[in-house]
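Structural features, examined
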Amino acid sequence: MSEYKPSREEALELFKRYNESDSLLRHALSVEATMKHFAELFGEEDVEKWTVVGLVHDLDYEKYPDEHCIKVREILTEENYPEDYIKAVESHGYKICTDVEPTEKMEKVLYAIDELTGLITAVALLRPSKSLFDLKPKSVTKKWKDKAFAAGVDREIIQRGIDMLGMERKDVIEETINGMRKVADEIGLR
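Below or above, wherever it landed, is the structure these notes cover. Here the structure is a predicted model, which means the values were calculated and not measured. (Residues numbered from 1 in each chain as written. Predicted model: local features only at pLDDT ≥ 70, side-chain atom pairs only at ≥ 80, totals over all residues. Heavy atoms only, no water.)

So, on to unusual backbone geometry. Of note in the backbone geometry, Asn 80 takes a positive phi value of approximately 65° without being a glycine. Along the polypeptide, Asn 80 turns up in the loop between α4 (71–78) and α5 (83–91). Classification of Asn 80 by relative accessible area gives exposed; the value is 52%. The backbone phi angle of Ala 150 is positive, close to 45°, even though this residue is not glycine. Position of Ala 150 among the secondary structure elements: in the loop between α7 (137–144) and α8 (155–165). For Ala 150, a relative accessible area of 22% corresponds to the partly exposed category. (Helix = DSSP H or I, 4+ residues; strand = E, 2+ residues; numbered from the N terminus. Buried < 20%, exposed > 50% of the residue type's maximum accessible area, 1.4 Å probe, protein only.)

Written out as structure tokens, the structure is:
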């Protein structure tokens with residue numbers, strides 16, 4: 001018997017069942033697109049898996065904020081999600097709300113880019129164009145250093161994820177922007 005593999009459509013429907021916030025949906029779409037982009041960049045065979053994990057990573061955030069990354073195990077288990085999907089989602093809360101360490105490449109990417117997409121969104125919204133298409137990594141790096149800007153974005157978490165990936169910060173920022181550009185219309189950053 002083959003293990004169930006949730007489709008992107010099923011993941012989106014599940015996400016919408018647990019979340020009503022437009023901003024949370026835009027964040028989920030940003031992370032999903034970035035995960036897909038990195039999967040393609042790294043030549044991963046299961047791009048849809050990375051996509052689905054990105055889409056459902058904050059599944060429990062709106063309804064269960066005090067159990068974020070914990071309640072999701074119960075929900076995804078009930079939905080018959082494979083264990084590696086569940087662990088990946090749990091691991092994005094490492095040293096924040098779980099002790100599940102990102103060990104697989106997919107988990108490390110999710111850990112690095114989750115908060116980074118928020119920082120990039122905030123920087124893009126500051127621009128006169130409010131667009132990702134004229135946004136350069138240098139602008140994000142400049143705002144990274146300004147701790148008062150987007151103060152809710154934990155730069156230490158992003159850097160920890162970048163270090164796990166063994167990549168340069170500017171490259172991770174650039175590829176995250178590239179991933180987010182693919183859903184610029186859906187996230188309001190065209």
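Right, picking up where we left off after that structure.
Another aspect to go through is the layout of surface pockets. One number sums up the size of the largest pocket: a volume of about 460 Å³. Lining the largest pocket we find 20 residues, and of these His 27, Asp 58, Tyr 61, Asp 114 and Glu 115 sit closest to its centre. If you list the elements that add at least two residues to the lining of the largest pocket, you get α2 (22–42) and α6 (105–126). Top contributing element to the lining of the largest pocket by residue count: α6, with five residues. In terms of residue class, the lining of the largest pocket is built from ten nonpolar, six polar and four charged. (1 Å grid on protein atoms, 1.4 Å probe; cavity = no way out; pocket = protein on both sides within 12 Å on 5 of 7 lines; lining within 4 Å. Points joined across faces, edges and corners; volume = space filled by probe spheres on them. Nonpolar A, V, L, I, M, F, W, Y, C, P; charged D, E, K, R; others polar.)

All quantities given are derived from atomic positions and should not be read as evidence of function.
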